[in-house]
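The lines below spell out each chain.
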Amino acid sequence: DTVTLPGAFAYDVLDPVTGMTLEVTDPDDAFVTDENGVVLDGTQDPTKDYTFATGKLGDYVIRYVIKDGRGKTENYVYAITAKDVVGPTITLSQHSGAAKKGDTVTVAGTQVKDNITANCTVVFYVFDPEGENVAATGGKFKADMAGVYTVRYMAFDEDGNYAFASYKIDVK
């Protein structure tokens, strides 16, 4: 993603503004370089527009410092936070879509991948043909009644993004 900072202007009704600077730092506290190669370190013209990429996750700090004719300075600081908004993906291992009443059924395993988080949290629920949650221990449940069971998975990354997957098991 990119951020465009429009050119800024400062006015003082009592004293002329004698200087204004703009600095932008990335989440590692390094100065940001805009798309045209201008380093936003306070030496560039703050009245021009600047566009930069948010290639790192975290806070980008934008600081304007304005100085009036008497030497008084004002700092205007704000942050833009770049967050991970991409959910993980869930791939289910090979599984059976059928079982017999009374069977102990092993649910499908999962492979979860995320663009940032190495180890996502995965939970699953099994619902019987009446929509009731079925106890599953060690990835297995007992199919006590005939009908269609639903196995639903949810995966969460560390930023709260999520994904769902499900499949059905027809118990005869």
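This is a predicted model, so every value here is computed, not measured.

Reading the values: the criteria
- Residues numbered from 1 in each chain as written.
- Predicted model: local features only at pLDDT ≥ 70, side-chain atom pairs only at ≥ 80, totals over all residues.
- Heavy atoms only, no water.
- Helix = DSSP H or I, 4+ residues; strand = E, 2+ residues; numbered from the N terminus.
- Rg over C-alpha atoms; globule rule 2.2 N^0.38 Å.
- Contact = heavy atoms within 4.5 Å.
- Areas by Shrake-Rupley, 256 points an atom, 1.4 Å probe, with all protein chains shown as cover.
- Lys, Arg positive; Asp, Glu negative; His and termini not counted.
- Charge placed at Lys NZ, Arg CZ, Asp CG, Glu CD.
- Polar contact = N/O pair within 3.5 Å; in protein donor to acceptor, adjacent residues only side chain to side chain.
- Buried < 20%, exposed > 50% of the residue type's maximum accessible area, 1.4 Å probe, protein only.
- Pairing = 2+ DSSP bridges.
- Salt bridge = Lys/Arg side-chain N within 4 Å of Asp/Glu carboxyl O.

Trainee: What exactly am I supposed to notice about the overall build of the chain here?
Mentor: A count of helices and strands for the chain gives zero helices and 14 strands. Helices and strands in the chain line up, N terminus first, as β-β-β-β-β-β-β-β-β-β-β-β-β-β. On C-alpha atoms alone, the chain measures out to a radius of gyration of 28 Å, which is more than a quarter above the 16 Å that the 2.2 N^0.38 rule sets for 172 residues. With the principal axes as the frame, the chain shows a C-alpha extent of 85 × 30 × 20 Å. Of all intrachain contacts in the chain linking residues separated by at least 6 positions in sequence, the fraction that spans at least 24 positions is 56%. Looking at the chain as shown, the accessible area adds up to about 10600 Å², and 50% of this sits on carbon and sulfur atoms. Each charge class in the chain was averaged separately, 15 positive and 26 negative side chains, and the resulting centres sit 11 Å apart.

Trainee: What exactly am I supposed to notice about the side chain of Thr150 here?
Mentor: Tracing the backbone through its elements, the reader meets Thr150 in strand β13 (residues 147-156). Within the structure, Thr150 has its side chain in polar contact with the side chain of Lys168 (distance 3.1 Å). Dropping the residues within four chain positions of it, Thr150 is found in contact with Tyr125, Val126, Phe127, Tyr167 and Lys168.

Trainee: When you look at the pairing of strand β14 (residues 162-171) in this model, what are you seeing that I'm missing?
Mentor: Along β14, the buried face is formed by Ala163, Ala165, Tyr167, Ile169 and Val171; none of Tyr162, Phe164, Ser166, Lys168 and Asp170, which line the opposite face, is buried. Here β13 runs beside β14; their pairing, made up of 10 bridges, is antiparallel. Paired with Ala155 across the bridge in β14 is Ala163. Between β13 and β14, which follow one another and run antiparallel, lie five residues, and Gly160 among them has a positive phi close to 90°.

Trainee: Whenever I open this one, the pattern of salt bridges confuses me. Can you help?
Mentor: Opposite charge on two side chains allows them to pair when their charged atoms are near. Counted by the stated rule, this structure contains six salt bridges. Residues Lys56 and Asp28 are paired through a salt bridge, measuring 2.8 Å at the closest nitrogen-oxygen approach. Taken as a pair, Lys56 in the loop between β3 (50-53) and β4 (58-68) and Asp28 in the loop between β2 (17-25) and β3 lie far apart in primary sequence, 28 residues in all. According to the relative accessible area criterion, Lys56 is partly exposed, its value standing at 35%. Here Lys172 ties to Asp170 by a salt bridge, and the two come within 3.1 Å at their closest N and O atoms. Among the residues examined, Asp170 registers a relative accessible area of 27% and is labelled partly exposed.

Trainee: Explain the sheet that holds β13 here, please?
Mentor: Sheets are built from strands paired through backbone hydrogen bonds, the pairs being either parallel or antiparallel. With mixed pairing, the five strands of this open sheet are ordered in space as β7-β14-β13-β10-β11. Among the strands making up the open sheet, the edge pair consists of β7 (98-99) and β11 (133-134). Pairing of strand β10 (residues 121-127) with β11, which is carried by two bridges, proceeds in the antiparallel orientation. Directly across from Val126, in β11, lies its bridge partner Val134.

Trainee: Could you clarify how one ought to interpret the side chain of Thr117 in this entry?
Mentor: Residue placement: Thr117 occurs in the loop between β9 (110-113) and β10. Here the side chain of Thr117 touches Glu158 through a polar contact of 3.1 Å, landing on its backbone nitrogen.

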